[in-house]
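Summary of structural features
Here is how the chains run, residue by residue.
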Amino acid sequence: MQHTEHHRSNRSGWLRAAVMGANDGLVSTSSLILGVAAASTAQSDIMLAGIAGLVAGAMSMAAGEYVSVSSQSDTEHADLALERQALIEHFDAELEELAAIYEARGLTPALATQVAEQLMASDALGAHARDEIGITETSQARPLQAAFSSAVTFTAGAMWPLLIAWWAPPPLLILLVALFSILFLAFLGRRLPVWVRADTQSLGARNVLGRIGDDLDLRHRPLVRCRGINKG
């Protein structure tokens, strides 16, 4: 019988950026629209503010992800360069170090040494990168992939409240944007488990409550700081 497994850990790099981008696009744009709409401005001004927030947010998310993941990539390359030099200067010590890792994982000393010798004969740097440093093909940092995923999903998330603001009658705009934003957050939380095969209900609730909590926290921080200044 043929046995196949479809693991999803290889998606973790871009999926993390995508989930963050979609959630931030939805929450930040809907919050911006609600804030502008609360000032009783025209619907065209609300749409203009939302579009400006979408463009600025997508660019900011892409730049932030690129810089952040590039820092991780630089660290990985520095560790690989250090390990490459160690293999040149202290090959026997590196062999013993790799064998000790396998022995700690349950192999006998003789078998651990044999495995380390064979792996280092095939790809010494790859073996140490994987088993000593923890750098694998799946977990390796990809700055451009993260930046692109974040920008695209931020734009997709921001489009939803923009479309609602464009469609909604002015008297109901604030109510409908707020309501549908919560529903869209729940939808994202329900779809994410399908991609990663996780618990649907817990992730859906976490997505809605977490993003609302972030929004409330950001709304109250300036008030707390102002009160502290007034008391002083």
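Residues numbered from 1 in each chain as written. Predicted model: local features only at pLDDT ≥ 70, side-chain atom pairs only at ≥ 80, totals over all residues. Heavy atoms only, no water.

A few words on the packing of aromatic side chains. In the structure shown here, the tally under the stated rule is four aromatic pairs. With 6.4 Å between their ring centres and 85° between their planes, Trp167 and Phe180 make a pair best called edge-to-face. You can see Trp167 sitting in helix 5 (residues 143–167) and its partner Phe180 sitting in helix 6 (residues 173–196), a full 13 residues away along the chain. For Trp167, a relative accessible area of 52% gives the class exposed. The exposure class assigned to Phe180 is partly exposed, which follows from its relative accessible area of 26%. With centroids separated by 6.1 Å and ring planes inclined at 40°, the aromatic side chains of Phe180 and Phe184 adopt a geometry described as tilted. Of this pair, Phe180 and Phe184 are both found in helix 6, four residues apart, which corresponds to roughly one turn of the helix. (Phe/Tyr/Trp six-rings, centres within 6.5 Å; stacked < 30°, edge-to-face > 60°. Helix = DSSP H or I, 4+ residues; strand = E, 2+ residues; numbered from the N terminus. Buried < 20%, exposed > 50% of the residue type's maximum accessible area, 1.4 Å probe, protein only.)

The next thing to look at is the nonpolar core. Ile33, Ile46, Phe154, Leu162, Ala165, Leu173 and Val177 are the most contacted members of the largest nonpolar core, which totals 18 residues. Elements that contribute at least two residues to this core include exactly helix 1 (12–38), helix 2 (43–89), helix 5 and helix 6. Those residues in contact with Phe154 that sit more than four places away from it in its chain are Gly21, Ala22, Asp24, Gly25, Ser28, Gly53, Leu54, Gly57, Ala58 and Met61. Formed by eleven residues, the second largest nonpolar core is a distinct cluster that contains Leu87, Ile101, Ala112 and Ala127. (Core = buried A, V, L, I, M, F, W, Y, C linked by side-chain atoms within 4.5 Å. Contact = heavy atoms within 4.5 Å.)

The end-to-end C-alpha distance of helix 4 (residues 109–133), which contains 25 residues, comes to just 21 Å, noticeably less than the 36 Å that a straight helix rising 1.5 Å per residue would cover. At Asp123, helix 4 is bent by approximately 120°, the largest bend along its length. Among all positions in helix 4, only Ala112, Ala116, Met120, Ala124, Gly126, Ala127, His128, Ala129 and Asp131 are buried. On its buried face, helix 4 is in contact with helix 2 and helix 3 (91–104). Remark: Gly134 follows helix 4 within two positions and exhibits a positive phi of approximately 95°. (Expected span 1.5 Å × (residues − 1). Bend = angle between axes of the 7 residues up to and from the residue.)

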